[in-house]
Amino acid sequence: MNALTRAYAPVADWITLEALDQDPYPIYERLRRESPVAWVPCAGRYFLTRYEDCRFVESDGDLFSAVEEGHRMNRAIGGSMLRKDDPEHAKERRPINPTLRVKAVQEIWRPVFERNAARYLEQMLQKGPGADLNEDFAAPYAATNLAAIVGLPGVDWTDIRRWSLAFIDGTANSAEDIDIWRVTEAAGAEVEALLDEAIPYLLKRPDDSMLSAMLQARLPTPIIRANTKLTIAGGVNEPQHMITSAVWALATHPRQLAAVMEDSSLFGDVFDEVARWLSPVGMISRRATRDVEIGGVLIESGSLVGASIQSANRDSGRFLDPDTFDVLREKLPNYAFGSGSHMCAGRWAAESAVGHVALPLLYSRLPKFRPVDVVAASFKGWTFRGLESLPVMWEPAPTGRQRAVDAHDLVLRVDSRMQATEDVVVLELSDPTGKPLPAWEPGAHLTLKLSVGLERQYSLCGDASDPLHYKIAVLREPGGRGGSDHVHNSIEPGALLEAAIPKNHFPLLAAPEYKFVVGGIGITPILPMIKAAEAAGSEWSLLYLGSSRSRMPFLDTLSRYGQKVTAWPKDERGRASVESLIQVSGPSCMVYSCGPEALLSGLKVLSESWPKGSLRVEHFSPVQTPEIETSSFSVEIGSTGEAFNIPVGTSIVDVLENAGIPVLSSCMEGTCGTCEVAVLAGRPCHRDSVLSEEEREKNTSMMICVSRASTPSITLDL
């Protein structure tokens, strides 16, 4: 930048990076009014703040180049398409376009978004009012969706977010902080190691993911790695912040919220307006390839130019009353996702995930859903801008001592009863008034109150897309605790049963391939998983073990799938060698199993040689844990600071209920997951049959009906 150029350009030396980070909108308003094209020393570039000027920059790839030699992004993630011009950019972008177009999003990815939204909503419901919408729903939802689209299903969402933040921090590391670069490089190494496993698998088994599309196009491995990291870097923040910003915006504009609640089709318009009014991405950077005049200002060849997305979307020359949030405003294209050849490839996926799935689900399932304190909500950032935290509330659960069914007040009618085998009965249930039932996802279970003091959990085995019916199958267990006998002997069509809203501690994660292994009545949670896998186009197979065909329910239903199903009645084929029948082919293959404890224990041993996280199981009976020397410990209630001593031989549930602390519980064996509570401090000693090994290692929650503390005290989110 020479003195001559600066003489022509207004210099906005009153702008600081700190002020931009705090709130860029007043700064942009002043720039649009006083100097729409200005040199901003703290950012080292010209800021363009009018809509038409920003669009002009992106419309002319010859005049304004995306290539910036020495850009920190190249060190952070490698040479990605974002920092390239056509035709090189187009060569890398073209393969992924089909998997992110509207039709593909609707047919391939929306079902994935719906499963993930239901899964994380369930987890947020378990935390109850006061849960953080960002941490408990938006972040895990966005990261899990991204993992599926990229082609890394099954990767923990916390890893996806950690990598995303590391790449963003590296790209923004203007101070060249060594520690930041170490974290960025470590994240890159982890992603590359994962890709080294995933690439050979996807070459043999192509799917609908971006990674598979790049491989089929035969892009060089370094380019595939760089663009995978690019997608991870940019694909979490935007949808995550769009969700929290939308909820905050609607809460601060009650008339807009009322209109949306009156007409749910407006949630798509909410997405568009939030993207305009609170754009999650702040600026697009380009380099002038020759001298050019914009708005009467000479920009010299080689100068860096920042086209401000946030300012363009508040330009009164483009939008009427632009500083007002108005879902019903005239529909004009905004600049939130850029334009031209570099327009965000994930735009339609983001709209589907946020506007068509997440927001409608949150507002339909959570009565009077709103932030706890809209005034305290704090937006931060200008390159990426959003809420880092947004505690939310909805109609609170009843207080006092509550069993699982008492907390939800769901009444179901038995519509039909069918004898599936000599010892399995199938019940179809509905709302007595004909209203739609709460939605559920494959793997969910239903808690039924069968009689006074008798609650049992049964896997839902019907059609998750049927809004009017639930279906369960109940095995008679001689010598059991009485639940199955009651169902077989006393429940007839027309009976009314109290129930809890379905819960899911056995969710089906998105994956290109599944191996289902079940024993006997363990087929029930797997049936809807098979249907979901089939609908998603995933490869799958089922190994169904049983003592005899006459005691293996739903064999007739499964016959339609042909050779994908292997039935193994022991009386015909002898004892099955699961080790020889189940082969895990790669890191993208997930194994789901439910059945007798011996089967699950055997699979756990086998899984030690599989990629971590490949095995997911559901237990019908408590896992026998090794005898561990226990002692009393203290439980502190996070909301009040009250502390209670938990003696040896007494559960946390019992102590808290006796003290009048409201907790939910049901099975008291650690198998149903009803009593799961978040852990704020201390370390649990897990004794449940619900949490996976990965979930146990995190120590973020525990089942308080059976688990204890391995530290002298533990603080619970109650």
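Above this text is the structure in question.
What this report covers is the structure whose coordinates are included nearby. (Residues numbered from 1 in each chain as written. Predicted model: local features only at pLDDT ≥ 70, side-chain atom pairs only at ≥ 80, totals over all residues. Heavy atoms only, no water.)

## Some points on the overall build of the chain
For clarity, the threshold we go by: Segments assigned H or I by DSSP are reported as helices when at least four residues long, segments assigned E as strands when at least two residues long, and all are numbered from the N terminus. For this measure, only C-alpha atoms enter the radius of gyration; the expected value for a globule follows 2.2 Å times N^0.38, where N is the number of residues. Contacts are assigned to residue pairs that have any heavy atoms within 4.5 Å of one another. With residues, only the protein chains shown are counted as cover, and all accessible areas are computed by Shrake-Rupley using a 1.4 Å probe.
The helix and strand tally for the chain stands at 25 helices and 31 strands. Expected size for 718 residues packed as a compact globule is a radius of gyration near 27 Å; at 28 Å, the chain falls within 12% of this value. Seen through its principal axes, the chain has C-alpha atoms that stretch 95 × 55 × 50 Å. Excluding contacts between residues fewer than 6 apart, the proportion of contacts in the chain whose partners are at least 24 apart in sequence is 69%. Counting every atom, the chain has about 30600 Å² of accessible surface; 51% of that belongs to carbon and sulfur.

## Brief notes about the packing of aromatic side chains
The relative placement of two aromatic rings is captured by the distance of their centres and the angle of their planes. Applied cut-off: The rule is short: rings of Phe, Tyr and Trp, with Trp giving its six-membered ring, pair when the centres are within 6.5 Å, and they are stacked under 30 degrees, edge-to-face over 60, tilted in between. Note on classification: 1.4 Å probe, protein chains only; a residue is buried when its accessible area is under 20% of the maximum for its type, exposed when over 50%, partly exposed between these limits. Placement of a positive charge over a ring is assigned whenever Lys NZ or Arg CZ falls within 6 Å of the ring centre and within 35 degrees of the normal to the ring plane.
Under the counting rule described, the total for this entry stands at 19 aromatic pairs. Arranged with centres 5.4 Å apart and planes meeting at 55 degrees, the rings of Phe 506 and Tyr 592 form a pair that is tilted. Linking Phe 506 in the loop between strand 18 (496-499) and strand 19 (513-519) with Tyr 592 in strand 22 (residues 589-594), this pair joins segments that are 86 residues apart in sequence. With relative accessibility at 3%, the residue Phe 506 sits in the buried group. Look at Tyr 592 and you get buried, because its relative accessible area is 0%. With 6.1 Å between their ring centres and 65 degrees between their planes, Tyr 514 and Tyr 592 make a pair best called edge-to-face. Highlighted residues: Tyr 514 in strand 19 and Tyr 592 in strand 22, separated in sequence by 78 residues. Taken as a pair, Tyr 514 and Tyr 592 share a single burial class, namely buried. Here a set of aromatic residues connected by ring pairs shows up, and it is made of Phe 506, Tyr 514, Phe 516, Trp 540, Tyr 561 and Tyr 592. Stacked on the ring of Trp 181, the Lys or Arg Arg 75 has its end atom at 4.0 Å from the ring centre. The positively charged end of Arg 318 is found above the aromatic ring belonging to Phe 319, 5.8 Å away from the centroid.

## Remarks on the environment of Lys 229
Quick note on the threshold: Pairs of N or O atoms are called polar contacts if they sit within 3.5 Å, as long as, within protein, a hydrogen donor faces a hydrogen acceptor (for residues adjacent in sequence, only side-chain-to-side-chain pairs).
One can find Lys 229 in helix 12 (residues 221-234). Distance from Lys 229 to Asp 60, taken between C-alpha atoms, is 27 Å for residues 169 residues apart in sequence. Excluding residues that lie within four positions of it along the chain, Lys 229 makes contacts with Ile 77, Phe 167, Gly 188, Val 191 and Glu 192. One polar contact links Lys 229 to Glu 192, side chain to side chain, over a distance of 2.7 Å.

## Topic: unusual backbone geometry
Here Asp 86 and Pro 87 are connected by a cis peptide whose omega angle stands at 10 degrees. On the secondary structure map, Pro 87 appears in the loop between helix 5 (72-77) and helix 6 (88-93). Although it is not a glycine, Asp 321 adopts a positive phi angle of roughly 50 degrees. Within the secondary structure, Asp 321 sits in the loop between helix 16 (309-312) and helix 17 (347-365).

## Focus: helix 19 (residues 523-536)
As a reminder, the rule being used: Under the convention used throughout, the expected extent of a helix is 1.5 Å for every residue step, that is, one less than its residue count.
Between the first and last C-alpha of helix 19 there are 20 Å, a value that for 14 residues agrees with the 20 Å anticipated at 1.5 Å per step. Within helix 19, burial applies to Ile 523, Thr 524, Pro 525, Ile 526, Leu 527, Pro 528, Met 529, Ile 530, Ala 532 and Ala 533.

## Things to note about the packing of helix 7 (residues 102-127) against helix 17
Angle between the axes and distance between the axes: these two values describe a pair of packed helices. Stated precisely, the cut-off is as follows: Here an axis means a line fitted to C-alpha atoms, over the contact stretch when the element is a helix, while the angle between two N-to-C directions is reported on a 0 to 180 degree scale. Each crossing gets its handedness from the near helix: less than a right angle anticlockwise from the far helix is left-handed, clockwise is right-handed. When residue character is reported, Ala, Val, Leu, Ile, Met, Phe, Trp, Tyr, Cys and Pro are called nonpolar, Asp, Glu, Lys and Arg charged, and the others, Gly included, polar.
One way to put it is that helix 7 packs onto helix 17 with a least axis distance of 9 Å and a crossing angle of 35 degrees. In terms of crossing hand, the pair formed by helix 7 and helix 17 is right-handed. Contacts between helix 7 and helix 17 involve Val 102, Val 105, Arg 110, Phe 113, Glu 114, Ala 117, Ala 118, Leu 121, Met 124 and Leu 125 on the former and, on the latter, Trp 348, Ala 349, Ser 352, Ala 353, His 356, Val 357, Leu 361, Leu 362 and Arg 365. A breakdown of the residues in the contact of helix 7 with helix 17 according to their chemical character gives 14 nonpolar, 2 polar and 3 charged.

## Overview of the sheet that holds strand 23 (residues 615-618)
What counts is decided by this rule: Between any two strands, at least two bridges found by DSSP are needed for them to pair.
Strands sit in the order 21-20-19-22-23 across an open sheet of 5 strands; the sheet is parallel. Edge positions in the sheet fall to strand 21 (565-569) and strand 23, since each has one partner strand and no second. Neighbour to neighbour, the strand axes of the sheet diverge by 15 degrees on average, direction disregarded. Bridging between strand 19 and strand 20 (residues 539-546) involves 7 bridges; their strand directions are parallel. In the sheet register, Glu 513 faces strand 20, and the bridge partner there is Glu 539.

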